[in-house]
Amino acid sequence: MSKDAILGAIRRGLKRGPLPADQRAMLEGRLATHPRHLIPARSRLPRPDQVALFIRNVEKEFGTVERVPDLAAIPAAVADFLAAQNLPARLVVAPHPELEAIDWSARPMIERESRRARDGDVVSLQHGWAGVAETGTILFPSDPTRPATLNLLPETEIVVLRASAVVGAYEEAWDRLRAERQDPTTGGFMPRNLMFVTGPSRSADIEQTLELGAHGPRRLHVLLVEDEAAPRMATTAEARAEAPVQPGQPAAPGD
Amino acid sequence: MVQVTSPAFKRNAAAALDDPGLQKALGKAKGAFLQRRAAAVAALPEFETLRNTGRDIKNHTLANLDFYLETYAANVEKAGGQVHWCSTAADARAAVLDICRKAGARTVTKGKSMISEEIGVNDHLEAHGIQPVETDLGEYIIQLRHEHPSHIIAPAFHLNREDWEAQFRLSHTDLPKDRVFNERRDILAEARTRLRQKFLAADVGITGANFLIAETGSSVIVTNEGNGDLTQTLPRVHIVLASIEKVVPTLEDCTSLLRLLARSATGQDFSVYTTFSTGARRPADLDGPEEYHVVLIDNGRSNMMGTDFQEMLRCIRCAACMNHCPVYGAVGGHAYGWVYPGPMGSVLTPTLVGVDKAGHLPNASTFCGKCESVCPVKIPLPKLMRHWREREFERHLTPQGVRSNLALWAWFARRPSAYRLATRLGIGALSLLSRGKGAFRWLPLAGGWTEGRDLPAPEPGGTFMARYKASQGARR
């Protein structure tokens, strides 16, 4: 059998048989404690600065961020964004309880459907599970309330993310995932699909020059809900200081 | 399977140097990679320390590779996936075809995967009536042109914008002939529309894996376009192709390597999409594949364990080595004659296809050492290329002329007084012949050198040893 042949060849190379019980136990211990390695200092900041770093990094990667006071402010923020971008007033919305609880009565013109995304959907409203300040990355664990297709098929993705869900480094998100989630089917904490999204889709395959909007969304807009008591910080000016490579300029390629 | 043309490296390289289109493309692309990586590395003060971490994680995993592979496979199955262990490329092709047939597949979409190139999945599927469609933009045009990737992360590195336009006009015949591509984004938009229909129609999606995680049984892909995610989300069946050295123990281990990968590869802090897939669609999910298969491939890697080349199994396929290589920069990827070009290819190709076929590759190096200095997992690439040269010599694969000249040099090198005498005579003769001119355009027995460049003539003052002696004397 191939499995035995492969494992046998590896062990021959390592000049040993199967691992003895004590060494197995040691490795199982390492898996169970999953030790962290060096975490870059850049995200170890006081709380408001951490959120500011998240915003700066989303913008550096060509995403956009709007801070809103609470979930009640979402309909107006969505309507303004759609109008400003000249997009149709039609959304496919993640069937997430937080999004379903939003009262849209003040914006009756916006059509909404709660479902997975299909071809032809133009704008999605998705629920962000966590943000990582280190690189401006948003995490989307798939489940019935957060279909993965919403991150992929529409040309524009709008993400509702609580500021309290922004962490410094990826490792903090892993800890939260392990603590908070258990899949009823597998018993594990990993969802079927967990996307780390950093900015809108892009490619540099044509002459190593960056263009936005390859196969996924061309626009990624984050509505950051201020659910923390901490004071707000003005950050947009700082964000502009770090000049990123603009679309159309030479850049290294994508995948 | 990709034809091995590595034995013709010298001819390939000469042709590449004479190809104006290729030289234009290489000239445009080279600088961008270097600048972007340098900027990303400069912005992360911990980068050098993280390289040690990356090396150590991979070394720990390889030292316990059997344990981590078994743990990984058990966890894939716990999450509702299936693992297909494959010793050879032929086993892996058969496993993929079998899954596709059982799924009744007619078309298969594909995310970018180098192991897929290595085992030659596309030709095999096509030969059995199943249409594979590459969806990474670079891979897509390569497939339309019936070529192979010339770079491991930028498959169309060798093409110019004109090539894209020409190929799209040739292949997309249902679109108006007089359409205009004003900008690069017009090319991108046409491909997006085309491929969207393919994503929706496909029965099976095949991706590679940047990492496999033993702790959770997850596979990880890293992309910027989103094509890999559409490939693994929309069809009913998802197949992951992964070689055995992709496994790492935990999410934390993977995270540290991810901090190195994008910065080393494209100079991004993080790629746009880093996606962890764990098993098949869960009962209440609204999307995702119903079947999740991992085709776990050895294809020669277990033979590298315990040898000098085990270190090569740390490679995370970032392409920093080829981006910084003066030889790759001059001839591009196709000249190397197989799937993996550049310094990592010069080490890996002989292990996978044989040093008898790929012996030129470890010789195609100036040993400038840049590849090792940028490698995120500190693979000593020049040292490994030297190991290949030694093995080549031991196995009498080195050409006779090289062997006899080396033997002659060795005779003198072991006899210092004879060596000094010979060099003194040689330099004296060359000085006389040059008649004060700075360089030779032609010299008997040195055609191999003077054909491509001038040979500098020795300056007056004698050999290094003679000058050194004189300077020591002057000091006293």
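If you're wondering where the values come from, they're calculated on a predicted model, not measured in any experiment.

### A few points about the overall build of chain B
Phase 1: Looking only at helices and strands, chain B has 22 helices and 12 strands in total.
Phase 2: Projected onto its principal axes, the C-alpha positions of chain B cover 90 × 60 × 45 Å.
Phase 3: Of all 476 residues assigned to chain B, the portion counted as buried reaches 51%.
Phase 4: Relative to all contacts within chain B whose residues are 6 or more apart in sequence, the contacts with residues 24 or more apart total 74%.

### Structural notes on the UniProt feature "domain: LUD" (unreviewed entry) in chain A
Phase 1: UniProt annotation of "domain: LUD" (unreviewed entry) refers to residues 128-225 of chain A when read in the numbering used here.
Phase 2: Helix makes up 11% of residues 128-225 of chain A and strand 34%. Its end C-alpha atoms lie 11 Å apart.

### Focus: the sheet that holds strand 1 (residues 64-68) of chain A
All names here are of chain A.
Phase 1: Spatially, six strands are ordered 1-12-7-4-2-3 in an open sheet, and the strand pairing comes out parallel. A strand with exactly one partner marks an edge of an open sheet, and here the two such strands are strand 1 and strand 3 (111-114). Strand-to-strand twist across the sheet, computed as the mean angle between neighbouring axes with direction ignored, equals 25°.
Phase 2: Relative to strand 12 (residues 219-225), strand 7 (residues 156-162) runs parallel, the two being bridged by seven bridges. By the bridge assignment for strand 12, Ile 158 is matched with His 221.

### Some thoughts on unusual backbone geometry
Phase 1: Positive phi outside glycine occurs at His 34 of chain A, with the angle close to 30°.
Phase 2: Position of His 34 of chain A relative to the elements: it lies in the loop between helix 2 (21-33) and helix 3 (47-60).
Phase 3: For His 396 of chain B, which is not glycine, the phi torsion reads 55° and is therefore positive.
Phase 4: In this structure, His 396 of chain B sits in the loop between helix 18 (381-394) and helix 19 (400-413).
Phase 5: You can call His 396 of chain B exposed: it has 8 C-beta atoms within 10 Å.

### Here we look at the environment of Tyr 72 of chain B
All names here are of chain B.
Phase 1: Structurally, Tyr 72 can be placed in helix 4 (residues 65-78).
Phase 2: It is 7.5 Å that separates the C-alpha atoms of Tyr 72 and Leu 212, two residues lying 140 residues apart in sequence.
Phase 3: When near neighbours in sequence (up to four residues on either side) are disregarded, Tyr 72 contacts Leu 212, Ala 214, Gly 217 and Val 247.

### Some words on the pairing of strand 6 (residues 137-141) of chain A
All names here are of chain A.
Phase 1: For strand 6, the buried fraction is high: five of the five residues fall into the buried class.
Phase 2: Two strands pair when backbone bridges link them, and strand 5 (residues 130-132) and strand 6 are joined in this way by three bridges, in the antiparallel orientation. Bridge pairing in strand 6 links Ala 130 to Leu 139.
Phase 3: Following strand 5, the chain reverses through four residues before pairing antiparallel with strand 6; Gly 136 in that reversal takes a positive phi of roughly 70°.
Phase 4: Pairing of strand 6 with strand 9 (residues 193-197), which is carried by four bridges, proceeds in the antiparallel orientation. Residue Ile 138 lies in a different strand from strand 9, and its bridge partner there is Val 197.

### Concerning the domain arrangement of chain B
How big an interface is tends to be expressed through the accessible area that disappears when the partners come together.
Phase 1: The domain boundaries assigned to chain B delineate domain 1 (6-302) and domain 2 (418-475).
Phase 2: Computed from C-alpha atoms alone, the centre-to-centre distance between domain 1 of chain B and domain 2 of chain B is 52 Å.

### Considering the sheet that holds strand 6 (residues 218-223) of chain B
Phase 1: Strand order in the open sheet formed by eight strands is 8(A)-5(A)-6(A)-9(A)-9(B)-6(B)-5(B)-8(B), with mixed pairing between adjacent strands. The sheet terminates laterally at strand 8 (166-167) of chain A together with strand 8 (247-248) of chain B, the two strands that pair on one side only.
Phase 2: Sheet topology places strand 5 (residues 211-213) of chain B next to strand 8 of chain B; two bridges connect them, and they run parallel. Directly across from Leu 212 of chain B, in strand 8 of chain B, lies its bridge partner Val 247 of chain B.

### Some points on the packing of helix 6 (residues 170-180) of chain A against helix 12 (residues 251-265) of chain B
Phase 1: Interhelical geometry of helix 6 of chain A versus helix 12 of chain B gives an angle of 155° and a closest axis separation of 10 Å. On the basis of their axis angle, the class for helix 6 of chain A and helix 12 of chain B is roughly antiparallel. In this structure, helix 6 of chain A meets helix 12 of chain B at a crossing whose hand is right-handed. Residues Tyr 170, Glu 171 and Trp 174 of chain A of helix 6 of chain A touch helix 12 of chain B, and the partners they reach there are Leu 251, Glu 252 and Thr 255 of chain B.
Phase 2: Of the residues contributing to the contact of helix 6 of chain A with helix 12 of chain B, the split by class is three nonpolar, one polar and two charged.

Rules used in this analysis
Residues numbered from 1 in each chain as written. Chains lettered and ligands numbered in written order. Predicted model: local features only at pLDDT ≥ 70, side-chain atom pairs only at ≥ 80, totals over all residues. Helix = DSSP H or I, 4+ residues; strand = E, 2+ residues; numbered from the N terminus. Buried ≥ 20, exposed ≤ 12 C-beta atoms within 10 Å, placed from the backbone. Contact = placed C-beta atoms within 7 Å. UniProt positions renumbered as here; feature names shortened; annotations may be inferred. Pairing = 2+ DSSP bridges. Axes fitted to C-alpha atoms, helices over the stretch in contact; angles between N-to-C directions. Domains from an automatic or database assignment. Parallel < 35°, antiparallel > 145°, perpendicular 65-115°, else oblique. Left-handed = near helix turned anticlockwise from the far one by under 90°. Nonpolar A, V, L, I, M, F, W, Y, C, P; charged D, E, K, R; others polar.

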